[in-house]
Amino acid sequence: DKLETHRGEMDRPSQLAKPSCGLVGAEIQHLLKGTLPTPWRKFILAAIIGGNWWMLYLMNSSVASRCKFHENFANKPNHHEDHRTASCDPSNFLVMIKAGATRKYHTRREVWRNSTCPELYRNNSVRYRFMLGMPAHEMIDPASHNQHKRSNLDEIEDMGRLEKEASEYRDMEFLPLRDVYEDFYLKTLNMFKWAATIGMDDDTSMVVIHDDEYCFQPEILRGLCLDATSNNQSLYAGSYLWSEANYEAQNGTDGSFSPYFSGNLYALDSWLIRSIAHDPRSPFASKTKASAEDVVAGKWVEDQREKTDIRYAEEPSLIFEVNAEYYKTEDWFCEPIEKFSKCANEGTNLGTFARPVDCAEEARSSQRCGENFQFSNDQPDLGCSCCVEGVEGEGNLTIAHELWTTYALSNCTGDEQADEQY
């Protein structure tokens, strides 16, 4: 059931004092009445006594500038109405592609650029950008206060490579944060803020966020957008909807659950993007939610349901994988046995790891594991588990599941071997 709520205008910061929009003459009237703030009063008196009329001219320009800002802000269209009137034509879609900053992600972007995706997006006039933070190769110590810390050699090398790549392709945006997985939900929030302030224009109707091994089908999203708009609803769409928690990590620390779409691809209309970007609660979602970006995005959307009716639209055909037979993902070093599957018999949970290859290392050194294991690339915080091998010929070793991928230790190479490929 969707929450029926007031569809009024978003609250604006009316508590900000609006300056007088008269020019210097109005300020002098305030001076005579004794209502002008002390700094302005001293400034005007000094200008008059000293005959420095150029100071009054500067003040006049300052007041006019402040007035223009407040007039522009007051005259901005109601953001809540933007997505009602913006066309659902794909030319009004903006795509933000989640991308990493270290060197292996350069190869991922090259594979994507050489796929059919850019042509598909260009043919539909869809705008897209790769979204990156700054490369990070060292753990961050929150207790340190090292003002003299410098980027290490790997980070410097990565930054040089990124500058060259950005200059060549002009399809990359850099966010002011370090690209570390634990802060990925904060990176996503910065992506929303970039879209709200720079990336979107008045005609933007939908914003798509997807991983760099996927693309979306513009015409399918267009249909979902039209359905939502015709029913005066905001739209939150994706390829796989988690409508209830299947794992403890999907619940909040308070036991709550917010429906969300898997992070490989989801889309929000322009009003939701703006509303989330400017919502003061958004940075604090991890107070109760795990830091997985897609889980937090579900919480952000849920928070907006008090302002509007939101349609959750699940459509598996919205997404397709890039060059599936060749594509190397972050598990470059672990070739999956089967994607979108998990162990039929789940064994020991080995803990939380950033990559499948890290889990493989632990599995090799453990007496508790056999050949196969499962790992979630979308939600690594769910942990990595060994597969318990049944009697040969009795049932399948894996079962279908949207969130997991199964791997074999024999298909995983080490980091040293993988580095040779870059």
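On a predicted model such as this, the values are computed, not experimentally measured, just so you know. Each chain carries its own residue numbering, running from 1 in the direction its sequence is written. Only residues with pLDDT of 70 or above have their local features reported here, since the model is predicted, and side-chain atom pairs are shown and tallied only from 80 upward, although totals for entire chains, interfaces and linings are computed over all residues. With hydrogens and water excluded, all non-hydrogen atoms of the structure serve as input to the side-chain values.

1. A short note on the environment of Ser 317
Elements are defined by DSSP. Helices are runs of H or I of four residues or more, strands are runs of E of two residues or more, and each kind is numbered from the N terminus. Looking at where Ser 317 falls in the secondary structure, it is placed in the loop between strand E10 (310-314) and strand E11 (319-321). Residue classification places Ser 317 among the partly exposed residues on the basis of a relative accessible area of 36%. As a C-alpha pair, Ser 317 and Ser 239 span 78 residues in sequence and 6.9 Å in three-dimensional space. Contacts of Ser 317, omitting those with residues within four sequence positions, involve Gln 217 and Ile 220. Under the rule applied, a polar contact is a pair of N or O atoms within 3.5 Å (in protein, one hydrogen donor and one hydrogen acceptor; residues adjacent in sequence only if both atoms are side-chain atoms). Side-chain polar atoms of Ser 317 contact the side chain of Glu 315, separated by 2.6 Å. Burial classes: relative accessible area under 20% of the type maximum marks a residue as buried, over 50% as exposed, and values in between as partly exposed (1.4 Å probe, protein chains only). Residues are treated as being in contact if the distance between any of their heavy atoms lies within 4.5 Å.

2. Remarks on the side chain of Asp 171
Looking at where Asp 171 falls in the secondary structure, it is placed in the loop between helix H7 (153-169) and strand E3 (172-178). Once residues within four sequence positions are removed from consideration, Asp 171 is found in contact with Arg 113, Tyr 128, Arg 129 and Phe 130.

3. Some remarks on the pairing of strand E6 (residues 234-238)
When you tally the buried positions in E6, you get five out of five residues, the bulk of the element. Burial along E6 is two-sided: the residues Ser 234, Tyr 236 and Gly 238 and Leu 235 and Ala 237 are all buried. Two strands are counted as paired when DSSP detects at least two bridges linking them. Here E6 pairs with E10 via five bridges, running parallel. When the sheet's bridge partners are listed, Ser 234 is paired in E10 with Ile 310.

4. Here we look at the sheet that holds strand E1 (residues 93-98)
Taken in spatial order, the seven strands line up as E3-E2-E1-E4-E9-E6-E10 in an open sheet, and their pairing is mixed. Of all strands in the sheet, those bounded by a partner on one side alone are E3 and E10. Between one strand and the next, the sheet's axes are offset by a mean angle of 20°, whatever the strand orientation. For E1 and strand E2 (residues 127-134), the ladder comprises five bridges, and the chain directions are parallel. Residue pairing across strands places Met 96 opposite Arg 129, the latter belonging to E2. Every axis corresponds to a line fitted to the C-alpha atoms, with the helix fit spanning only the stretch in contact, and the corresponding angles, defined between N-to-C directions, vary from 0 to 180 degrees. Most of the contacts of H7 go to E3, to which it runs at about 155°, and overall it touches E2 and E3.

5. Here's the deal with the state of the cysteines
Throughout, disulfides are identified as pairs of cysteine sulfur atoms within 2.5 Å of each other. This model, assessed by the stated rule, comprises six disulfides. Sulfur-sulfur distance for the disulfide between Cys 369 and Cys 386 comes to 1.5 Å. Here Cys 369, found in the loop between helix H12 (356-365) and strand E14 (372-375), pairs with Cys 386, found in strand E15 (residues 384-387); they are 17 residues apart in sequence, far enough to count as distant. Across the pair, Cys 386 and Cys 369 agree in class, each one buried.

6. Brief notes about the confidence of the model for the chain
Should pLDDT be low for a region, the predicted coordinates there are not to be read in detail. Mean pLDDT over the chain: 77, with 71% of residues reaching 70 or higher. Confidence of the predictor in every single residue is expressed as pLDDT, which spans 0 to 100. Predicted confidence for residues 1-24 stays below pLDDT 50, and this span has 53 contacts to residues more than four positions away or in other chains.

7. Brief notes about the packing of aromatic side chains
Any two of the Phe, Tyr and Trp rings considered here, Trp counted by its six-membered ring, make a pair once their centres fall within 6.5 Å; the pair's planes then place it as stacked at under 30 degrees, edge-to-face at over 60, or tilted in between. Counted under the stated rule, the structure contains 14 aromatic pairs. With a centroid separation of 6.5 Å and 80° between ring planes, the pair formed by Tyr 236 and Tyr 266 is classed as edge-to-face. One end of the pair, Tyr 236, is in strand E6; the other, Tyr 266, is in strand E9 (residues 265-269), with 30 residues separating them in the sequence. Of the residues examined, Tyr 236 reaches a relative accessible area of 0% and is grouped as buried. The ring of Tyr 169 carries the charged tip of Arg 113 above its face, separated from the ring centre by 3.8 Å. Two conditions define a charge sitting above a ring: the NZ of Lys or the CZ of Arg must be within 6 Å of the ring centre, and it must be within 35 degrees of the ring normal.

8. Let's talk about the nonpolar core
Within this scheme, the nonpolar core is defined by two criteria: the residues are buried Ala, Val, Leu, Ile, Met, Phe, Trp, Tyr or Cys, and they are joined through side-chain atoms within 4.5 Å. Core analysis: the biggest nonpolar cluster contains 41 residues, and Met 96, Phe 192, Ile 209, Tyr 236, Tyr 266, Leu 268 and Trp 300 have the highest contact counts within it. Here the element with the most residues in this core is helix H8 (residues 184-199); it accounts for seven residues. Those residues within four positions of Leu 268 in sequence are excluded, and the remaining contacts are Phe 192, Met 206, Val 207, Ile 209, Leu 235, Tyr 236, Ile 273, Ile 276 and Val 301. Ranked by size, the runner-up nonpolar core spans 33 residues in total, among them Ile 97, Ala 166, Ala 228 and Leu 235.

9. With respect to unusual backbone geometry
A positive phi angle, close to 55°, is found at Ser 125, a residue other than glycine. Within the secondary structure, Ser 125 is located in the loop between helix H6 (117-123) and E2. The exposure class of Ser 125 is partly exposed, given its relative accessible area of 44%. Positive phi is not limited to glycine here, since Arg 170 has a value of about 55°. If you trace the backbone, Arg 170 turns up in the loop between H7 and E3. Overall, the relative accessible area of 64% leaves Arg 170 in the exposed class.

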